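Chain by chain, the residues:
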Amino acid sequence: MTGPRPVRAPRGTELSALGWQQEAALRMLQNNLDPEVAEHPDKLVVYGGTGKAARDWNSFDAMVRTLRGLKQDETMLVQSGRPVGVMQTHEWAPRVLIANSNLVGDWATWEEFRRLEALGLTMYGQMTAGSWIYIGTQGILQGTYETFAAVAAKRFGGSLAGTITLTAGLGGMGGAQPLAVTMNGGVALCIDVDPRAIERRIEHRYLDVRADSLDHALQLATEARDARRPLSIGILGNAAELVPQLLAMQAPIDIVTDQTSAHDPLAYLPIGVEHAEMADYAAAKPAEFTQRARESMARHVEAMVGFQDAGAEVFDYGNSIRGEAQLAGYERAFAFPGFVPAYIRPLFCEGKGPFRWAALSGDPADIHRTDKAILDLFPENESLARWIRLAGERVHFQGLPARICWLGYGERDKAGERFNEMVADGTLKAPIVIGRDHLDCGSVASPYRETEAMLDGSDAIADWPLLNAMVNVASGASWVSIHHGGGVGIGRSIHAGQVTVADGTPLAAEKIRRVLTNDPGMGVIRHVDAGYDKAAEIAADRDVRVPMRES
Ligand code: NAD
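Residues numbered from 1 in each chain as written. Predicted model: local features only at pLDDT ≥ 70, side-chain atom pairs only at ≥ 80, totals over all residues.

### Focus: helix 12 (residues 339–349)
Under the convention used in this document: Each residue is classified by how many other C-beta atoms fall within 10 Å of its C-beta atom, where C-beta atoms are placed from the backbone; a count of 20 or more means buried, 12 or fewer means exposed, and values in between mean partly exposed. Only runs of H or I of at least four residues qualify as helices and only runs of E of at least two qualify as strands under DSSP, and these elements are numbered from the N terminus. Throughout, the arc means that of the directions going from the helix axis to the C-beta atoms. Distance between backbone-placed C-beta atoms decides contact: two residues are in contact if it is within 7 Å.
Buried residues of helix 12: Phe-339, Val-340, Ile-344, Arg-345, Phe-348 and Cys-349, and no others. Within helix 12, the buried residues cover an arc of 145° as seen down the axis, which keeps them to one side. Buried residues belonging to helix 12 abut helix 4 (138–155), strand 12 (353–359), helix 17 (506–529) and helix 18 (533–541). Gly-351, located one to two residues past helix 12, shows a positive phi value of around 75°.

### Side note on the site of the ligand
Rules: Only the C-beta atom, placed from the backbone, is used; a residue is near a molecule or strand if that atom lies within 6 Å of it. Put simply, Ala, Val, Leu, Ile, Met, Phe, Trp, Tyr, Cys and Pro go in the nonpolar bin, Asp, Glu, Lys and Arg in the charged bin, and everything else, Gly too, in the polar bin.
Taken together, 34 residues form the shell around the ligand, and within it Gly-171, Met-173, Asp-194, Gly-318 and Asn-319 come nearest. Those elements giving two or more residues to the shell around the ligand turn out to be helix 4, strand 7 (187–192) and helix 8 (239–248). The residue inventory of the shell around the ligand, partitioned by class, reads 16 nonpolar, 15 polar and three charged.

### Points about the UniProt feature "domain: Urocanase Rossmann-like" (unreviewed entry) in the protein
Heads up, the rule is: UniProt positions are given in the numbering used here, feature names are shortened, and annotations may be inferred rather than shown by experiment.
When the UniProt feature table is mapped onto this chain, "domain: Urocanase Rossmann-like" (unreviewed entry) is found at residues 136–343. As annotated, residues 136–343 comprises 49% helix and 11% strand, and the C-alpha atoms at either end are separated by 23 Å.

### What about the UniProt feature "active site" (unreviewed entry) in the protein?
On the UniProt side, "active site" (unreviewed entry) is annotated at positions that read Cys-405 here. Accessibility expressed as a C-beta count within 10 Å gives 24 for Cys-405, which makes it buried. In this structure, Cys-405 is in contact with Gln-142, Phe-355, Ile-374, Leu-384, Trp-387 and Ile-388, ignoring residues within four places of it in sequence.

Next comes the structure, spelled out in structure tokens:
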């Protein structure tokens, strides 16, 4: 048996595997567990409640060992965080194929999942935890920034200056919220029960200050709002208590959302439970804990609806808190919308989504060079340029230096090919890993999040992410994954990921061209099929073939 120990990806150009495609998978697996990157690396937990990179330490060691010896025509198979086979394939095939947390429909409940997990048969892979392309809080930062920018455009004249946003959850993903709000000029009040989460965000410059009390927090918030000065404030406490209290105090809140780990009722602290007791209590009495967490979520959501009734802009930030509150019997849980139908779907229609990349050299200068390449490639895109500049100034790298920016169909392939050229001509010191979140335009079926309220009612149709994974395998991605339950919890989503390595070779250029065209192409065709005019226009303009529209 092997146990927890610090893990960090090697940097530089010395290979420990037989080629860069394998080396990239190895370093990204290790990078996911870097203590700078992962929320609880000793438990192999990367982010998002219990999202893990490997099932157990023995599996981790076996994956490292196998990747080091894997040939250019072999593929390692990973079943929920454990390597289960190596098959001879061919050079165009992915080096790793991953299936995480998948369960047959009638068995797809948290209870059954936990039973199987306790037997050591499965693990929760979240989205990019078990598919090794998590890049720290930055990974979600641009999406969060874009979402708050869309809120600003919809309700507040294009800027959040002079507004106060109330939210909770300063974890791996939720920790992006304060910086995304201040980048949009606003004030953020952020609640978390874990003092470590607050400290970590302050340390990484995602959060500005911590308030001593609710009154202190409101005083700081209103002063900054009145001066139209961006400020983010952390408050220690339980959101299920503090959000209703703020409503009762008639706090002047303009925008309300939440990113606690509500998708997993064992990761949401119920009212009346100390944070220090949370893990033991959840492990000892999961059913009782779940019931109490759901009741607390109902109080939390009821207060969010109260803010909406009082005129605030309120949205679900993709954590299933409405569904959990409804399970506890709160009838108005779905009174406010999810963020995808409210703000993001038009971007999905263009095949836009969270394109991200990491520098295997470990040198931040490589990312700064790729930033410059993005600015040069898309000079007409002002919001992209603003984002790249702000990210360059304000984003603290966690683990291997990385960047994210939302790019659409016809853009991602250009960026990928440019990066590959820069590796080939020595502008970059080592290869670049190019991937994305599973939260993308054509890679998810998730009726409480990415596919909520689809125009044709196809929210729960899960053929799309499966086709997406198959297309990426067929197109030459370096590793491809199919997961269940990411973001919103077991039983509620199926999603796929791909990562493709720009190692500077002509073969990589060919693969990148296909993968980074076809992958966002899935987003365009998915939305054409669902009846979105915007997607049909994009398909017609950019020659995306949709047989049912051809005569
Ligand atoms: P995480 O587990 O790293 O962090 C969750 C945080 O919530 C922790 O810091 C925890 O202390 C805090 N928390 C738990 N119960 C609380 C309570 N009652 N009151 C206050 N704080 C409480 O999770 P994460 O990676 O930050 O993800 C958060 C949620 O957001 C998940 O449900 C995830 O699926 C969802 N998510 C949304 C998006 C998106 O784009 N909208 C993306 C990724 C994740």
